[in-house]
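The primary structure of each chain is shown beneath.
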Amino acid sequence: MQSLIGPYVPQIYQIRVREYLDDEVAAWFCPLTIVHEPDGATLLTGPVRDQAELHGVLIKVRDLNLTLLCVVKQ
């Protein structure tokens, strides 16, 4: 019987929060790329292996009391 689960292929996600993240807070989201937008928001972009890892990132957003604006899978 063949397994339906193949090698994982990480998906690229963009997570936008309202707040400006300084370097100390941005380190929580490594290895996601941090881009500060002109309106003061921050865009986190990078690979996410699976739903569990995505939930982990979103828990960090919650724990830091950040305002989640958008989550987009590329």
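Residues numbered from 1 in each chain as written. Predicted model: local features only at pLDDT ≥ 70, side-chain atom pairs only at ≥ 80, totals over all residues. Heavy atoms only, no water.

Considerations on the sheet that holds strand 3 (residues 42–48)
The strand order across the open sheet built from four strands is 2-3-1-4, with neighbouring strands paired in antiparallel fashion. Edge positions in the sheet fall to strand 2 (33–36) and strand 4 (68–73), since each of these pairs with one other strand and no more. Here the strands of the sheet are splayed against their neighbours by 15° on average, with no regard to which way each runs. As judged from the four bridges shared by strand 2 and strand 3, these two strands associate in the antiparallel manner. (Pairing = 2+ DSSP bridges. Helix = DSSP H or I, 4+ residues; strand = E, 2+ residues; numbered from the N terminus. Axes fitted to C-alpha atoms, helices over the stretch in contact; angles between N-to-C directions.)

A short note on unusual backbone geometry
Of the consecutive residues Cys30 and Pro31, the connecting peptide bond is found in the cis state with omega at 15°. As for its position among the elements, Pro31 is in the loop between helix 1 (23–26) and strand 2.

What to know about the confidence of the model for the protein
Overall, the prediction assigns the protein a mean pLDDT of 92, with 92% of residues at 70 or greater. Summarising per-element confidence for the protein, the mean pLDDT is lowest in helix 1 (90) and highest in strand 4 (98). (pLDDT = per-residue confidence, 0-100.)

Points about the nonpolar core
Counting residues in each nonpolar core, the largest one holds twelve residues, listed as Tyr13, Ile15, Val17, Leu21, Phe29, Leu32, Leu44, Val48, Leu54, Val57, Val61 and Leu66. Listing elements by their share of this core, those giving two or more residues are strand 1 (11–17), strand 3 and helix 2 (51–63). Ignoring sequence-local partners within four residues, the contact set of Leu32 consists of Leu44, Thr45, Gly46, Pro47 and Val57. (Core = buried A, V, L, I, M, F, W, Y, C linked by side-chain atoms within 4.5 Å. Buried < 20%, exposed > 50% of the residue type's maximum accessible area, 1.4 Å probe, protein only. Contact = heavy atoms within 4.5 Å.)

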